[in-house]
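Chain by chain, the residues run as shown.
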Amino acid sequence: MTHLFIINPAAGSRDRQEQYKKEIERVCKPRGLDYQIRVSQAPGQCREIAAQAARSGKPVRIYACGGDGTLNEIVCGVAGFPNVAVTTYAWGSGNDFIRMFSQPEAFRDLEKLLDCQESQFNLIRCNEDYALNICSVGLDARIAADVAGYKRFPLFSGFRAYLVSALINTIKGIWQPYTASFEKETVQKDFTLICACNGRFYGGGFNPVPEADPQDGILEVLLVNKVSRLTVLGLIGAYKKGKYASLPQKIRHIRTNHLHIHSDRPTPLNMDGEIRHIQDVDISIAPEKLRFFYPKGLTY
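First things first, this report covers the structure right here in the doc.

## As for the overall build of the protein
(1) Moving on: Along its length, the protein carries seven helices and 13 strands.
(2) Moving on: For 300 residues, the compact-globule formula gives about 19 Å, and the C-alpha radius of gyration of the protein, at 19 Å, lands near that figure.
(3) Moving on: Taken over the C-alpha atoms alone, the protein extends approximately 60 × 45 × 35 Å along its principal axes.
(4) Moving on: At a minimum sequence separation of 6, the contacts of the protein that also span at least 24 residues come to 73%.
(5) Moving on: With the model as given, the accessible surface of the protein reaches about 13700 Å², and the carbon-plus-sulfur share is 51%.

Right under this line is the structure:
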């Protein structure tokens, strides 16, 4: 079996590829493992490298060396290939998917990642793409879409870029009209955001549906109604902590395996931190499963 380490030098606050390489060689060489190290040179290349390994048909474990965006690219590249198992060697800026595990810091210990156990997780199908964790449209997706632009300014690096984006998007407008269809119901109204969860954490620690289970074949969906600028902070606080049930007039929770969202104009769609601009999106539990491996003894 091959151990393939795909490094995204753009992930996180700085380029860690030399750190990755030294640790990979230190741990893998004494074990006599068949391992390869590939470094992405452009956006989308992590997906291409992973897909090439998957198409070989040979057993391979792929380590996403980066954050949630790197993991998302690799998942999209290997979906539907049973010869591939995936994990994250997590030094990105978010690493939200693994927050659901009992010891997320163990994903930074390569010795523990090599001594692993495995589970089959569901994937979210978003039109022609996949997500492992969460898909959303609305205020949070608009904020995420604009963060990269603000990071180009020296004073707005890191979390400051997120705060600036949040402030400006709040000023622009909290809500947007969407049409959401699920089961036998269609709802057309102004929403602050719509979120479909397979995992539990996103956005640097938001935990909107703590009971979400990536193995149960169900999307946990929150429909967050239109709110004013004066009330949005309180709403976001409850949303972040998974207290949606305390605000039934503002947040509706549904459980489904399929959701369609329509927007009258192109709007950002957040898929595990990757942004697409869409007017219509079909979000569903994919028929494909993902083999995900993680350090022994961890629970989620």
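Here the narrative resumes, following the displayed structure.
## Observations regarding the pairing of strand β10 (residues 219–225)
(1) Moving on: Extensive coverage of β10 is indicated by the burial of seven of its seven residues.
(2) Moving on: Side-chain alternation along β10 places L219, V221, L223 and N225 on one buried face and E220, L222 and V224 on a second face that is also buried.
(3) Moving on: Relative to β10, strand β9 (residues 185–197) runs antiparallel, the two being bridged by six bridges. In the strand pairing of β10, L193 is matched with V224.
(4) Moving on: Note that β10 and strand β11 (residues 251–256) share six bridges and pair antiparallel. From the neighbouring strand, V224 faces β11, where its bridge partner is I251.

## Examining unusual backbone geometry
(1) Moving on: Phi is positive for N127, which is not a glycine, with a value near 50 degrees.
(2) Moving on: Even without glycine at this site, E183 takes up a positive phi of about 50 degrees.
(3) Moving on: The topology assignment puts E183 in the loop between β8 (176–182) and β9.
(4) Moving on: The class for E183 is exposed, based on a relative accessible area of 59%.

## Overview of the packing of aromatic side chains
(1) Moving on: One pass over the full model with this rule turns up 16 aromatic pairs.
(2) Moving on: Ring centres of F97 and F121 lie 6.0 Å apart, and the angle between their planes is 70 degrees; on these two criteria the pair is classed as edge-to-face. One end of the pair, F97, is in the loop between β4 (84–90) and α4 (110–114); the other, F121, is in strand β5 (residues 116–126), and 24 residues separate them in sequence.
(3) Moving on: Relative accessible area serves as the criterion here: at 2%, F97 is assigned to the buried category.
(4) Moving on: Accessibility expressed as a relative area gives 0% for F121, which makes it buried.
(5) Moving on: Members of the aromatic cluster, each reached through a chain of ring pairs, are F97, F101, F107, F121, F292, Y294 and Y300.
(6) Moving on: If you follow K226 out to its NZ or CZ, it ends over the ring of W175, 4.1 Å from the centre.
(7) Moving on: Stacked on the ring of F206, the Lys or Arg K240 has its end atom at 5.5 Å from the ring centre.

Rules used in this analysis
- Every residue gets a number counted from 1 within its own chain, in the order that chain's sequence is written.
- Given that the model is predicted, a residue must reach a pLDDT of at least 70 before its local features are reported, and side-chain atom pairs must reach 80 or more before they are shown or counted; all residues, however, enter totals for whole chains, interfaces and linings.
- In computing side-chain properties, one takes all heavy atoms of the structure into account and sets aside hydrogens as well as water.
- Helical segments are the DSSP runs of H or I of at least four residues, strand segments are the runs of E of at least two, and each set is numbered from the N terminus.
- Radius of gyration here uses only the C-alpha atoms, and the compact-globule reference equals 2.2 Å multiplied by the residue count raised to the power 0.38.
- What makes two residues a contact is simply this: any of their non-hydrogen atoms within 4.5 Å.
- Computed by Shrake-Rupley with a 1.4 Å probe, the accessible areas treat only the displayed protein chains as cover when residues are assessed.
- Exposure classes here rest on a 1.4 Å probe applied to the protein chains alone. A residue is buried below 20% of its type maximum, exposed above 50%, and partly exposed in between.
- The criterion for strand pairing is that DSSP finds at least two bridges linking the strands in question.
- Whether two aromatic rings pair depends on their centres lying within 6.5 Å, for rings of Phe, Tyr and Trp, where Trp uses its six-membered ring; planes under 30 degrees apart make the pair stacked, over 60 edge-to-face, and the rest tilted.
- Should the NZ of a Lys or the CZ of an Arg lie within 6 Å of a ring centre and within 35 degrees of the ring normal, that charge is described as sitting over the ring.

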